[in-house]
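Okay, here's what each chain looks like letter by letter:
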Amino acid sequence: MTTPDQPGQWPQQPGQWPQQPQGGYPQGTPPGGYPQYGTQPYPQNPGYPQEGTAPYPQGGYPQQTPPGGYPQNTPPGGYPQYQQPQAGYYGQQPGYPPPAPPRRSHRGLIIGLVIALVVLAGGGVGTYFALSGNDSGADTPTAAAMKLASSISNSDIVGVAESLAPAEAALFTDPISDATNELKRLKVLDSSADPKALSGVQVKTDNLTFDEAAAEQVNDHVTITKLTAGTITVTSDLSKLPLAKEFLDQAVPGGSRTAQGPDTQTINIADEVRKSGEPIRIATVKVDGEWYPSLLYTIADYALLESHQKWPTTSIPAAGAGSANEAVKQLLQAALDADVKRVIELLPPDEMAVLHDAGPAILNAVGDDAEPTGAKIIDLQTQTSAVNGGTRATLTSLKFSDPSGEQYSITKDGDCYEATGEGRTQRMCADQVADQLESEVDDSLPSSVKGVLQHLAGGMMSQGIGVITTEAGGKYYVSPLRTLVEQGMTVLRALQPGDITTLIKAVN
């Protein structure tokens, strides 16, 4: 451990700026440069660098403490997250965050391209592995992983999503369809835009090679394949996005989106594997006798790998509730009780199968750190409505007590929510929410933007707080990913045609 008395090191005193070390500051630039806190980071006295100049003056820092000393408080936003420092710069002592690990070049991008291609609109042109159609799985884990290469060749974002495990695929295809319809209504996408023909990003894969002998069988329905060679070429061309003309004219006046032309990047898998010493891991799952690539299992596999945990040999079985309302109530109570096992039991056994399989590892990671809040749900009522892929449970009333027994309630009334507790009642309506949004953004907003905020507040308050539930085997479960997507859809549904272009005009 270094100390402030050692020259060439930064002293690490929690909650304070470092004082001048004996021997002066180390001669070299800290990795990533100096932190930018939004205010001038260093006093501008003779000998200190001016903004926009080289970070260190000739000959190093002057051997004196700036007048008044360094500020004795934590800078806004906390201490910066530096890259891995070189020896002799920062000591590993409490009060500063640990240095970030070295970047792994394109590794994250590769994983995202190979598995998370569902977020890319379009496909490549070239020679691909001829596999079965998108409506069925593959005979082996390797063939399932290869299938993504076939899917992206059709400029079909929905088709790419459908190459994933069926329940997981629906998590992506349903929102893609819903969002496309809303963006067309808002005149952001052209009326002819089709989720199965979206373009703008082309992905071409060539000669992808998997080491089948190195594949890891996790259990009877999960196998981790290993990608070792091949190339992935990504070409982005904004001019091919199916944007509505009115939106395009406002967003990129003069058609500047085509000024730079297509941007292409090619990644050699073998080079990246050689640099990291590890192949690219792609999880595949077996459903009804056929294999599919899985985005969620791949994410979980890397999370377990980074935390030095193995896949559990057992899973946490699903145990749903008798209704959508009851599923929401039980999950909320389980969260308040810090009962992680019960939370996992209430997640869908199909689309969230990954969390059931990884459940024991999650419980092990949580350990005894999670503490119950002591709050109790007395009553919870929701209004249910059908949505694409599930049921929306909109909160209409909630009664709960805190650890002391004091009771509180929240009730929905039209576009208002009313909260009662500690002998007081507070009512929050759409107009108040809009006023709060305006005050937080800018008091001098143009009237057109204030109108957008009114639409946003009114639409969101009218829709209310919604949780998405799904049904499987006669039981109801809470879908975390669908619920997350629903929050975004709530915003889109609240806006009116022209609102987004109004915001763009205000920014420009």
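Numbers given for residues are sequential positions, taken from 1 along each chain in its written order. Selection of residues for local features in this predicted model requires a pLDDT of at least 70, selection of side-chain atom pairs for listing and counting requires 80 or more, and totals for whole chains, interfaces and linings are taken over all residues. Based on all heavy atoms of the structure, the side-chain values leave hydrogens and waters out of the count.

A word on the overall build of the protein. Looking only at helices and strands, the protein features 15 helices and 13 strands. Per-residue accessibility, obtained with a 1.4 Å probe over protein chains only, is compared with the maximum for each type, and a residue is labelled buried under 20%, exposed over 50%, and partly exposed between these values. For the protein, buried positions account for 43% of its 508 residues. For the protein, contacts bridging at least 24 residues in sequence account for 65% of all contacts bridging at least 6. Summed over all atoms, the accessible surface of the protein reaches about 25,700 Å², with 53% contributed by carbon and sulfur. Put simply, DSSP H or I for four residues or longer makes a helix, DSSP E for two residues or longer makes a strand, and each gets a number counted from the N terminus. Should any heavy atoms of two residues lie within 4.5 Å, those residues are counted as being in contact. For accessible areas, the Shrake-Rupley method is used with a probe of radius 1.4 Å. Any residue's cover is judged against the shown protein chains and nothing else.

Turning to the packing of helix H13 (residues 447-463) against helix H14 (residues 480-494), a few remarks are in order. Helix-helix packing: each pair is described by the crossing angle between the helix axes and the interaxial distance. Here the axes come from fitting lines to C-alpha atoms, over the contacting stretch only for helices, and the angles between their N-to-C directions go from 0 to 180 degrees. Two numbers describe how H13 lies on H14: the axes approach to 8 Å, and their chain directions differ by 125°. With respect to each other, H13 and H14 are oriented oblique. In the crossing of H13 with H14, the sense of the turn from one axis to the other is right-handed. Where H13 approaches H14, its residues His455, Leu456, Gly459, Met460 and Gln463 are matched on the opposing element by Thr490, Val491, Arg493 and Ala494. When grouped by side-chain class, the residues that make up the contact of H13 with H14 number four nonpolar, four polar and one charged. Any angle that falls under 35 degrees is termed roughly parallel, while one over 145 is termed roughly antiparallel, one within 65 to 115 roughly perpendicular, and all others oblique. Each helix crossing is assigned a hand: it is left-handed if the near helix lies turned anticlockwise from the far helix by less than a right angle, otherwise right-handed if that turn is clockwise. Residues are sorted three ways: Asp, Glu, Lys and Arg are charged, Ala, Val, Leu, Ile, Met, Phe, Trp, Tyr, Cys and Pro are nonpolar, and all the rest, Gly among them, are polar.

Before going further, it helps to examine the side chain of Ser401. Within the secondary structure, Ser401 sits in strand E8 (residues 390-401). Setting aside chain neighbours within four positions, we find Ser401 in contact with Gly374, Ala375, Lys376, Ile378, Glu406 and Gln407.

Residue position: Asn388 is located in the loop between strand E7 (376-387) and E8. For Asn388 and Arg482, which are 94 residues apart along the polypeptide, the C-alpha to C-alpha distance reads 9.7 Å. With near-sequence residues (within four places) excluded, Asn388 lies in contact with Asp174, Asp178 and Arg482. Only 3.3 Å separates the side chain of Asn388 from the side chain of Asp178, close enough to count as a polar contact. As used in this structure description, the phrase polar contact means that two N or O atoms lie within 3.5 Å; if the pair is within protein, one of them must be able to donate a hydrogen and the other to accept it, and residues adjacent in sequence are counted only when both atoms belong to side chains.

This part takes up the state of the cysteines. Disulfide: a covalent bond formed between the sulfur atoms of two cysteine residues. By disulfide we mean two sulfur atoms from cysteines, separated by a distance within 2.5 Å. As enumerated under the stated definition, the model contains one disulfide in all. Put simply, Cys416 and Cys429 are joined by a disulfide, and their sulfur atoms are 1.9 Å apart. Judged by the sign of its S-S torsion, about 110°, the bond between Cys416 and Cys429 is right-handed. Highlighted residues: Cys416 in strand E10 (residues 416-421) and Cys429 in strand E11 (residues 424-429), separated in sequence by 13 residues. Residue classification places Cys416 among the buried residues on the basis of a relative accessible area of 5%.

Turning our attention to the packing of helix H4 (residues 166-185) against H14. Viewed as axis vectors pointing N to C, H4 and H14 meet at an angle of 5°, and their least axial separation amounts to 10 Å. Put simply, H4 runs roughly parallel to H14. Across the interface between the two elements, Ala170, Leu171, Asp174, Pro175, Asp178, Ala179, Glu182, Leu183 and Arg185 of H4 pack against Leu481, Arg482, Val485, Met489, Leu492 and Arg493 of H14. Along the lines of polarity and charge, the residues of the contact of H4 with H14 split into nine nonpolar, no polar and six charged.

Here we come to unusual backbone geometry. One non-glycine residue, Lys187, lies in positive phi territory at about 60°. Checked against the element boundaries, Lys187 lands in the loop between H4 and strand E1 (201-210). If you check the backbone angles, Glu422 has positive phi at about 55° while not being a glycine.

Right, let's talk about the pattern of salt bridges for a bit. Whenever Lys or Arg places a side-chain nitrogen within 4 Å of a carboxyl oxygen from Asp or Glu, that contact is recorded as a salt bridge. Under the criterion given, the structure shown has 16 salt bridges. Between Arg281 and Asp301 there is a salt bridge, with the nearest N and O atoms lying 2.6 Å from each other. Note that Arg281 is positioned in strand E5 (residues 280-287) and Asp301 in helix H7 (residues 295-306), a separation of 20 residues in sequence. Residue Arg281 is classed as buried on the basis of its relative accessible area, which comes to 10%. Members of the salt-bridge network, linked through shared partners, are Glu216, Lys226, Arg281 and Asp301.

In this analysis, the expected span of each helix is defined as 1.5 Å times one less than the number of residues it contains. Taking 1.5 Å of rise per residue, the 20 residues of H4 would be expected to cover 28 Å, and the 29 Å separating its terminal C-alpha atoms lies within 8% of that figure. For H4, the full list of buried residues reads Glu168, Ala169, Leu171, Phe172, Thr173, Asp174, Pro175, Ile176, Thr180 and Glu182. Once H4 finishes, Lys187 follows within two positions and takes phi at roughly 60°, a positive value.

Our next topic: the environment of Leu503. With respect to the helices and strands, Leu503 occurs in helix H15 (residues 499-507). Residues Leu503 and Ser448, spaced 55 residues apart in sequence, show a C-alpha to C-alpha distance of 8.4 Å.

Right, let's talk about the nonpolar core for a bit. Judged by nonpolar contacts, the single largest core of 38 residues is most densely connected at Tyr297 and Trp311. Counting residues per element, this core draws most heavily on H7, which supplies five residues. The contacts of Trp311, once residues within four sequence positions are left out, are Val218, Ile224, Tyr297, Ala300, Asp301, Leu304, Val354, Asp357 and Ala358. Counting residues in hydrophobic clusters, the runner-up holds 14 residues, among them Ala145, Met146, Leu208 and Ile282. Remark: nonpolar core denotes a set of buried residues (Ala, Val, Leu, Ile, Met, Phe, Trp, Tyr, Cys) joined through side-chain atoms within 4.5 Å.

Glancing now at H7. Across its 12 residues, H7 extends 17 Å between first and last C-alpha, which sits within 8% of the 16 Å expected from 1.5 Å per residue. Those residues of H7 not exposed but buried are Leu295, Leu296, Tyr297, Thr298, Ala300, Asp301, Tyr302 and Leu304. Residue Ser294 occupies the N-cap position of H7, its side-chain oxygen lying 3.0 Å from the main-chain nitrogen of Tyr297. Looking one or two places after H7, you find His308, whose phi comes out positive at around 60°.

Function cannot be read off these values alone, since they describe shape.
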